[in-house]
Amino acid sequence: MEQAAKPRRIWPAFFAGLLCAALAYCVLCGVLGFDMLEHSPHDSYTLQAMRWRAGTAQLEENYSWLEIAEYEGKYYISFPPFPSVPMFLLTFVFGELTPSRLVVFAYFLLSYCAAFFLARRWKQTPWVSAALALFLVCGCNMMEFGLSGGVWNMAQVLGFLLTVLAFYGVSVPKRAGWYWGLIAIACAVGCRPMQAVYVPFLLLMVYQNLRKEMPGAGKTLLAMLPLLAAPLAIAFAYGLYNYVRFDDPFEFGHNYLPEFVQSSNGQFSLSYVGKNLRNIFRLPWWQEGRLVFPTDSGFAFWLCNPIYVFFAVRLVRSALKRDLHLSDVVLCVCLVGHFFALLLHKSFGGVQFGTRYLCDLAPALFFFLVSRREQKLAWYECLLMLWGVGFNLYGAYTFQTLVYG
């Protein structure tokens, strides 16, 4: 196992990776003509924050270009509410014209930072940590959907960041980290509700951490209760907010969108699984000298999110070495459950580059990779990482110019 690196040896690798992530994002915005300070017309979260400042959750009207839920003749934002919390604070500085893209850019870079320190926590070398963290944020479809400050993009990038922070929190040796890690996953659920599938794994990690300090399973479980107070309070706040709007503590509003109201099978159904599976295994093709890919409902998820291939290789390798533990099995069960739950969704992300919904699993896949404690990257893993970054840079530019340009 690597000796703890001195702080001065950590920062060159950290800042080199951070600079690469920032340059990749800013160069793409530059060539696409995006204004980094732009307020997105699809930023529903700032709209919701402004209504909070007015003392209500109800919107004044139905905004035709946004996904607005209508319930009993009233209009509401149809997305989980947590991303409106930071936007609420920003409205006191910028008013209703918050810099949506700049906010998402900050979440993007913070995801790199959180991933770097998560890798370091599991004894990865500084330069391997930087490479893996850069691969996580730039080598998946977040490189494309993170370019916008729209409601879908902001929620997914913030949920991504909070999930990485949750895995980092339960990895540290101090109770404060476990406390904040559980709070982070509670906040992530308020961005992407399916992130709740990782709660059992995170609780198991906390339990195993506490079990080292005290004898007896009963005492360990009792010791966990104070750590659960804040996450449960956050969950209660979500339920109360949902009940006030939709008379249902588990309804965030999406079921009241016209697309799902008018669908005979609703938002989630087993009938969607086959179609979604076929879509995410589709391959791009060459046409008139360039690579063409489907732009609706996803395609070849392992090509555009090669962290799945990385994970599969290291999972098989660990299994052959008999180096899988209870926590690894629980994490894999959570991943399978998350993957299947996403396949139940009617739209599976709609118009997109790659398979953006499947990026929600990337923080958990990343945790598995770094927790193997392997100090070196194999040559084929390096090629896979280069492919992921290159393909997503190409895809982000091509998708934005062909679909939105």
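Above this text sits the structure in question.
Attention in this report is confined to the structure presented alongside it. Everything numeric in this text was worked out from a predicted model, so none of it was measured. All chains use their own residue numbering, which begins from 1 and follows the written sequence. This being a predicted model, a pLDDT of at least 70 is required before a residue's local features are given, and a value of 80 or more before pairs of side-chain atoms are given or counted; all residues contribute to the totals for chains, interfaces and linings. Note that the side-chain values use all heavy atoms of the structure and ignore hydrogens as well as water.

## A short note on the side chain of serine 129
The cut-off we apply is this: Under the scheme used here, helices are H or I runs from DSSP no shorter than 4 residues and strands are E runs no shorter than 2 residues, and both carry numbers assigned from the N terminus. Type-normalised accessible area, obtained with a 1.4 Å probe on protein chains alone, sets the label of each residue: buried when under 20%, exposed when over 50%, and partly exposed for intermediate values. Should any heavy atoms of two residues lie within 4.5 Å, those residues are counted as being in contact.
Residue placement: serine 129 occurs in helix 5 (residues 126–138). Classification of serine 129 by relative accessible area gives buried; the value is 0%. Setting aside chain neighbours within four positions, we find serine 129 in contact with Phe116, Ala119, Arg120 and Gln124.

## As for the side chain of arginine 192
With respect to the secondary-structure elements, arginine 192 resides in the loop between helix 8 (175–189) and helix 9 (199–211). Its relative accessible area of 15% is what places arginine 192 among the buried residues. Ignoring sequence-local partners within four residues, the contact set of arginine 192 consists of Ala155, Gln156, Gly159, Arg356, Tyr357 and Asp360.

## Section: the packing of aromatic side chains
Definition in use: Classification of ring pairs uses Phe, Tyr and Trp, with its six-membered ring standing for Trp, and accepts pairs whose centres are within 6.5 Å; under 30 degrees between planes counts as stacked, over 60 as edge-to-face, and the remaining range as tilted.
Within this structure, the stated rule accounts for 41 aromatic pairs. On the numbers, 5.2 Å between centres and 80° between planes, the contact of phenylalanine 88 with phenylalanine 92 is edge-to-face. Taken together, the positions of phenylalanine 88 and phenylalanine 92, both in helix 3 (residues 84–94) and four residues apart, correspond to about one turn of that helix. For phenylalanine 88, a relative accessible area of 24% translates into the label partly exposed. Judged by its relative accessible area of 52%, phenylalanine 92 falls in the exposed class. A centroid spacing of 5.7 Å and a plane angle of 85° characterise the contact between tryptophan 379 and tyrosine 380, whose relative ring orientation is edge-to-face.

## Quick word on a nonpolar patch on the surface
For clarity, the cut-off: Patches here are clusters of residues that have more than 30% relative accessible area and form no salt bridge, with a 9 Å joining cutoff for like charges and a 5 Å cutoff for nonpolar side chains (Val, Leu, Ile, Met, Phe, Trp, Tyr). To measure how exposed things are, a 1.4 Å probe is used in the Shrake-Rupley method; for residues, cover is taken only from the protein chains shown. We count a salt bridge whenever a side-chain nitrogen from Lys or Arg sits within 4 Å of a carboxyl oxygen from Asp or Glu.
Where nonpolar side chains cluster on the molecular surface, the patch consists of Leu19, Leu23, Val27, Val31 and Tyr397 and spans about 470 Å² of accessible area. Ranked by the residues each element gives to the nonpolar patch, the list is headed by helix 1 (residues 7–32), at four residues. Its location among the elements puts valine 31 in helix 1.

## Some points on the pairing of strand 2 (residues 74–77)
The line we're drawing: In this analysis, strands are considered paired if DSSP registers two or more bridges between them.
The pairing of strand 1 (residues 68–71) with strand 2 spans four bridges and is classified as antiparallel. When the sheet's bridge partners are listed, tyrosine 71 is paired in strand 2 with lysine 74. Between strand 1 and strand 2, which pair antiparallel in sequence order, lie two residues; one of them, glutamate 72, sits at a positive phi of approximately 55°.

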